[in-house]
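# Working through the structure, step by step
Spelled out, the chains give:
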Amino acid sequence: LKAALLPSGALGPLDGSQRADVVDLVTGKAAERFRELVDEVFVNVKKLEQTLKKLNKDAAAASSTASNGAKICLQVLLDVEELCKETEDLGAVTETIQPLHSLLEMVRGVCKDRGIDLPP
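Once a new chain begins, its residue numbering starts again from 1 and follows that chain's sequence as written. Owing to the predicted nature of the model, reporting of local features is limited to residues with pLDDT of at least 70; listing and counting of side-chain atom pairs is limited to 80 or more, with chain, interface and lining totals taken over all residues. Think of the side-chain values as coming from all heavy atoms in the structure, minus any hydrogens and water.

## Brief notes about the state of the cysteines
- Disulfides are defined as pairs of cysteine sulfur atoms found within 2.5 Å of each other. Taken as a whole and assessed by the stated rule, the structure comprises 1 disulfide.
- With its sulfur 2.5 Å from that of its partner, Cys 73 forms a disulfide with Cys 111. Residues Cys 73 and Cys 111 are joined through a disulfide that is left-handed, its torsion about the S-S bond being -120°. In this pair, Cys 73 is assigned in helix 3 (residues 59-89) and Cys 111 in helix 4 (residues 98-113), connecting sequence segments 38 residues apart. Cys 111 shares its class with Cys 73; the two are buried. A run of H or I in DSSP becomes a helix once it reaches four residues, and a run of E becomes a strand once it reaches two; helices and strands are each numbered from the N terminus. Exposed residues in this analysis have more than 50% of their type's maximum accessible area, buried residues have under 20%, and partly exposed residues fall in between, with area computed by a 1.4 Å probe over protein chains only.

The following block contains the structure:
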């Protein structure tokens, strides 16, 4: 998208309003798909944690599994925040792209539920 929006790119001749509409549309669709994938990742992490807890009654193993889940959650959050940054670099306002804003809030909520301290 970034390359297409360059002055020499396929979408370069767009005016500011058209450019913003394209960025919003493309980012919104990407965020919707990203959310589907993130939901799937979080479901699989939860299933894995539950399975490992059943198999390993050892507290250290359970703690390690929870730690790995938190790391995955944090990495997903970093990825979503990077998508927001890239979107803003294209001139869009993240909060106005509902699917992207919703994705960010959902991931932040999951991280908080896992006890990860996040900056405001």
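Still more to cover.
## As for the pattern of salt bridges
- When a carboxyl oxygen of Asp or Glu lies within 4 Å of a side-chain nitrogen of Lys or Arg, that pair is called a salt bridge. One pass over the full model with this rule turns up 6 salt bridges.
- The salt bridge partner of Glu 36 is Arg 33, with a shortest N-O separation of 2.9 Å. Of this pair, Glu 36 and Arg 33 both sit in helix 2 (residues 16-55), separated by 3 residues, roughly a single helical turn.
- For Glu 36, a relative accessible area of 47% corresponds to the partly exposed category.
- The partner of Lys 85 in a salt bridge is Asp 89, with the nearest N and O atoms 3.1 Å apart. Here Lys 85 pairs with Asp 89, and both are found in helix 3, just 4 residues apart, close to one helical turn.
- Since its relative accessible area comes to 43%, Lys 85 is described here as partly exposed.
- By relative accessible area, Asp 89 is classed as partly exposed at 47%.

## Focus: the nonpolar core
- Core analysis: the largest hydrophobic core is formed by 21 residues, its most contacted members being Val 38, Phe 42, Val 80, Leu 103, Val 107 and Cys 111.
- Every element with two or more residues in this core is listed here: helix 2, helix 3 and helix 4.
- Here, residues are in contact when the closest pair of their heavy atoms is within 4.5 Å. Every residue in contact with Phe 42, bar those within four places of it in the chain, is listed here: Cys 73, Val 76, Met 106, Val 107 and Val 110. For our purposes a nonpolar core is just a set of buried Ala, Val, Leu, Ile, Met, Phe, Trp, Tyr and Cys residues, chained together by side-chain atoms within 4.5 Å.

## Brief notes about the confidence of the model for the protein chain
- Along the chain, pLDDT gives the predictor's confidence residue by residue, from 0 to 100. With 78% of its residues at a pLDDT of 70 or more, the protein chain shows a mean pLDDT of 83.
- In the model of the protein chain, helix 1 (residues 2-5) stands out as the element of lowest mean pLDDT, 56, in contrast to helix 4, which has the highest, 95.

## Details of the side chain of Thr 94
- Along the chain, the position of Thr 94 falls in the loop between helix 3 and helix 4.
- Classification of Thr 94 as buried rests on a relative accessible area of 2%.
- For the purposes of these results, a polar contact is taken to be a pair of N or O atoms within 3.5 Å, where, inside protein, one atom must be able to donate a hydrogen and its partner to accept one; residues adjacent in sequence count only when each atom of the pair is a side-chain atom. A distance of 2.7 Å separates the side chain of Thr 94 from the side chain of Glu 88, its partner in a polar contact.

## Focus on helix 4
- The terminal C-alpha atoms of helix 4, which comprises 16 residues, lie 22 Å apart, in line with the 22 Å expected from a rise of 1.5 Å per residue.
- Leu 100, Leu 103, Leu 104, Met 106, Val 107, Arg 108 and Cys 111 are the residues of helix 4 that are buried.
- Note on helix 4: the residue one or two positions beyond its end, Gly 115, has a positive phi of about 85°. One fewer than the residue count of a helix, multiplied by 1.5 Å, yields its expected span.

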